[in-house]
Amino acid sequence: MAIIDQNLMYEFHAGGLTNANAIRSYADHAVREIKMAVGWDADIQVHIEPEAKDKHLFAVSMGVFGLGDSIVIRKQGKQVLAVLRKVRKAVLRQIHKHNEKRIDSRRKTFFREQFAS
C-alpha cells in the first residue's frame, strides 16, 4: 500500500515502464527537493516516455512552472533512473541560477539607492 503525500501535488506520466513504483518514489524525492528550493506553490510535471525509434531509449522531461520563468529540461538515455537523476540536477542548477540573478538584482538596486544621495 502506497502512502501518498498530499503536499506533493505534481503531474507524473510514465508510459511503457514496468517498474514505475521505484521511479515514482525517486520522483517524489526530487519534487520535494525542488519545492523546498522554489516554494510549495510551484507546478511540476514529470514525463517519462519511450522513444519511438528504439525501445531501449527513454526520454525524461521535467518542467517547473511558477517561478516567473518556466524551466523545462529534457534528456534521453537507456537507464530511466540515471536520466531522471541528471534531469533533477539540471533543474536544480537552473533554479539556483535563477535565484542568484534575483538576489544580485536586489543587491544592485540597494547599492544604487545607498550611494544616490
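Residues numbered from 1 in each chain as written. Predicted model: local features only at pLDDT ≥ 70, side-chain atom pairs only at ≥ 80, totals over all residues. Heavy atoms only, no water.

With mixed pairing, the four strands of this open sheet are ordered in space as E1-E2-E3-E4. The open sheet terminates on both sides in strands that have one partner only, identified here as strand E1 (11-14) and strand E4 (71-77). The sheet shows a mean angle of 5 degrees between the axes of neighbouring strands, direction not considered. Strands E1, strand E2 (43-50) and strand E3 (58-65) of the sheet are contacted by helix H1 (residues 20-38), whose axis makes an angle of about 150 degrees with E2. (Pairing = 2+ DSSP bridges. Helix = DSSP H or I, 4+ residues; strand = E, 2+ residues; numbered from the N terminus. Axes fitted to C-alpha atoms, helices over the stretch in contact; angles between N-to-C directions. Contact = heavy atoms within 4.5 Å.)

We now examine the pairing of E4. Relative to E4, E3 is paired through seven bridges, and the arrangement is antiparallel. The residue of E4 that forms the bridge with Gly 63 is Val 72. Hairpin connection between E3 and E4: a loop of five residues separates the two successive antiparallel strands, and Gly 66 in this loop has a positive phi of roughly 115 degrees.

In this section: the side chain of Ser 61. Tracing the backbone through its elements, the reader meets Ser 61 in strand E3. With a relative accessible area of 13%, Ser 61 lands in the buried category. When near neighbours in sequence (up to four residues on either side) are disregarded, Ser 61 contacts Gln 45, Val 46, His 47, Ile 73 and Arg 74. (Buried < 20%, exposed > 50% of the residue type's maximum accessible area, 1.4 Å probe, protein only.)

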